[in-house]
Amino acid sequence: MAGNRTFTMIKPEAVAKGYAGKILDHIITGGFKVIAMKFTHLTLQQAQAFYAVHKERPFYVELTEYMSESPIVVIALEKDNAVADFRTLVGSTDPNEANEGTIRKRFAESKAKNAVHGSDSDENAAVEIKFHFKDNEIFA
Ligand code: IDP
Ligand code: MG
C-alpha cells in the first residue's frame with residue numbers, strides 16, 4: 001500500500017550515547033509499527049551510496065564519514081501517512097529549530113549529528129527500505 005511506510009536510522013552518535021531504546025519508544029508511542037529492524041555498521045561506500053542524492057552538497061563528505069563511523073539501528077516503519085507523520089515526529093534538521101517534543105529536539109546534538117534519519121518521500125522510503133532489508137526480513 002502506497003503511503004504507509006517510511007524508513008529511519010538511529011544515527012551513530014545517538015546509538016553511542018545509549019539513546020536507541022528511548023528513541024524507539026518515542027517512535028512506537030508516536031503510533032508507528034516496527035516492521036523491520038537491525039543493528040548494522042555502514043561502510044563508507046555504503047554511506048556514500050545511501051546518500052548519493054546529496055553528493056553535490058557541501059556536507060556530503062562529513063555526512064558519509066559520520067554515518068559510517070560506528071553502528072546504527074536501521075528500521076522500517078508502518079503507519080497511515082507514514083512519511084509526513086514521521087518527519088513531524090522527528091522535527092527540523094537543525095535541533096535548534098525543532099519543535100518541543102520532537103525526537104531531534106530531545107536527542108540531537110547538532111544539525112549534522114541529529115540523532116535520526118527520516119525518508120522524505122514514499123519513493124525514497126521504498127528505495128531506502130530495499131537498500132537495508134531483504135523481503136524476508138520485513139514483518140508487516
Ligand atoms: P533531513 O535529514 O532533515 O532530511 P537533509 O537535508 O536530507 O536533512 O540532510 C541529510 C543529513 O545531512 C541531515 O540529517 C544531517 O545529518 C546532514 N546535514 C544536513 N545539513 C547539514 C549541514 O548544513 N551541515 C552538516 N550536516 C548537514
Ligand atoms: Mg533528507
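Residues numbered from 1 in each chain as written. Chains lettered and ligands numbered in written order. Predicted model: local features only at pLDDT ≥ 70, side-chain atom pairs only at ≥ 80, totals over all residues. Heavy atoms only, no water.

A. Representation of the site of ligand 1 within the structure. Around ligand 1, the structure places Lys 11, His 54, Arg 57, Phe 59, Glu 62, Leu 63, Arg 87, Thr 93, Arg 104, Lys 111, Ala 112 and Asn 114. Between ligand 1 and Thr 93 there is a distance of 2.5 Å, counted from an oxygen atom to a side-chain nitrogen or oxygen. One of the backbone nitrogen or oxygen atoms of Ala 112 is found 2.7 Å away from an oxygen atom of ligand 1. For ligand 1, whose unbound accessible area comes to 530 Å², protein coverage reaches 82%. Taken atom by atom, the bulk of ligand 1 overlaps the largest pocket. (Near = heavy atom within 4 Å. Polar contact = N/O pair within 3.5 Å; in protein donor to acceptor, adjacent residues only side chain to side chain. Areas by Shrake-Rupley, 256 points an atom, 1.4 Å probe, with all protein chains shown as cover. 1 Å grid on protein atoms, 1.4 Å probe; cavity = no way out; pocket = protein on both sides within 12 Å on 5 of 7 lines; lining within 4 Å. Sits in = over half its atoms within 2 Å of the grid points.)

B. Spatial organisation of helix α5 (residues 82-90). The set of residues buried in α5 consists of Ala 82, Val 83, Phe 86, Leu 89 and Val 90. Viewed end-on, α5 has its buried residues packed into an arc of 125°, placing them on one side of the element. One or two steps after α5, the chain reaches Gly 91, where phi turns positive at roughly 90°. (Buried < 20%, exposed > 50% of the residue type's maximum accessible area, 1.4 Å probe, protein only. Helix = DSSP H or I, 4+ residues; strand = E, 2+ residues; numbered from the N terminus. Arc of directions from axis to C-beta.)

C. Looking closely at the sheet that holds strand β4 (residues 116-118). With respect to topology, four strands assemble into an open sheet ordered β2-β3-β1-β4, the strand pairing being antiparallel. Only two strands of the sheet have a single partner each, and these edge strands are β2 (33-40) and β4. With direction set aside, neighbouring strand axes in the sheet form an average angle of 15°. Bridge analysis of strand β1 (residues 5-10) against β4 gives three bridges, and the strand direction is antiparallel. Bridge pairing in β4 links Met 9 to His 117. (Pairing = 2+ DSSP bridges. Axes fitted to C-alpha atoms, helices over the stretch in contact; angles between N-to-C directions.)

D. Region of the structure containing the nonpolar core. In this structure, Ile 10, Ile 23, Ile 27 and Ile 103 are the most contacted members of the largest nonpolar core, which totals 19 residues. Among the elements of the structure, α1 (12-16), α2 (20-29), β3 (72-78), α5 and α6 (103-107) are those that each provide at least two residues to this core. By residue number, the principal contributor to this core is α5, which donates four residues. The residues touching Ile 27, leaving out its near neighbours within four places in the chain, are Thr 8, Phe 32, Leu 77, Phe 86, Leu 89 and Ile 103. Counting residues in each nonpolar core, the second largest holds 18 residues, with Ala 36, Tyr 51, Phe 133 and Ile 138 among its members. (Core = buried A, V, L, I, M, F, W, Y, C linked by side-chain atoms within 4.5 Å. Contact = heavy atoms within 4.5 Å.)

E. Here's a closer look at the packing of aromatic side chains. Scanning the model with the defined rule gives five aromatic pairs in all. For the pair Phe 7 and Phe 50, a centre-to-centre distance of 5.9 Å together with 50° between the ring planes defines the contact as tilted. On the criterion of sequence distance, the pair formed by Phe 7 in strand β1 and Phe 50 in helix α3 (residues 44-50) is long-range, its members being 43 residues apart. Both residues of the pair, Phe 7 and Phe 50, belong to the buried class. Between Tyr 19 and Phe 107, the aromatic rings sit 5.1 Å apart at their centres with planes inclined by 50°, giving tilted as the arrangement. Here Tyr 19 is found in the loop between α1 and α2, whereas its partner Phe 107 is found in helix α6, with 88 residues between them in sequence. (Phe/Tyr/Trp six-rings, centres within 6.5 Å; stacked < 30°, edge-to-face > 60°.)

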